[in-house]
Amino acid sequence: MKLYILSLCIFLSGFILCLITYDVQSVYTYSYNFTHSDINNFNTGFLFVDIFINNIILCLIISILGFISGGILTIVLLFWNGYLLAIFLNAGFSDLSLYELMFLSKHIPLEIFSILLFAKFSFNGFFFYRSIIIEKKIKFISKREIINLIYPIILLFFSSIIETL
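S.K.: So, the side chain of Asn81: which residues are in play, and what are the values?
M.R.: Following the sequence through the fold, Asn81 ends up in helix α5 (residues 72-95). A residue is classified by how much of its surface remains accessible, and Asn81, at 18% relative accessible area, is buried. Contact partners of Asn81, with chain neighbours within four places excluded, come to Phe11 and Leu58.

As structure tokens, this is what we get:
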């Protein structure tokens, strides 16, 4: 549970820092006024597969490379994704109504939860290296921890479908 809270705090710190420091008007130089009909006319087709693959690649980077780096890469990617979400919401509030913004971001809670589950796995790299350095023994990853990666994959799949609805 502590690793979930740590992951969420890192993600939220990037989000909050962006809200405090990012000036949308100075960076967001053009304005395209999206309408709800533009959103409805967007052809999603099999776009959910592309979104799913993109999210899986990000989460595999977070989990595998995060594990290898002892969680350092995970911290950077969680912080950066929180920062990017705040940019998206800031830009969205500039051009979209609250309804349209909520419509476009309906998948985000499920996606964030999935990313946090992958991040929890990657923080085990820290404990792996700590056991090698301090205890002078190798603690292998259990089957259960690897099987627990199936749940966030399923969540990402449903999130990508929801994102394209």
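On we go from here.
S.K.: I'd like to hear about the nonpolar core, residue by residue, with values.
M.R.: In terms of nonpolar packing, the biggest core is built from 30 residues, with Ile62, Leu78, Leu85, Ile112, Phe118, Phe123 and Leu156 touching the most fellow members. Listing elements by their share of this core, those giving two or more residues are α1 (2-21), α4 (47-68), α5 and α7 (108-133). Looking at this core, the element that brings in the most residues is α7, giving nine residues. Excluding anything up to four places from it in sequence, Phe123 contacts Leu3, Leu6, Ser7, Ile10, Gly71, Thr74, Ile75 and Leu78.

About the thresholds
- Residues numbered from 1 in each chain as written.
- Predicted model: local features only at pLDDT ≥ 70, side-chain atom pairs only at ≥ 80, totals over all residues.
- Heavy atoms only, no water.
- Helix = DSSP H or I, 4+ residues; strand = E, 2+ residues; numbered from the N terminus.
- Buried < 20%, exposed > 50% of the residue type's maximum accessible area, 1.4 Å probe, protein only.
- Contact = heavy atoms within 4.5 Å.
- Core = buried A, V, L, I, M, F, W, Y, C linked by side-chain atoms within 4.5 Å.

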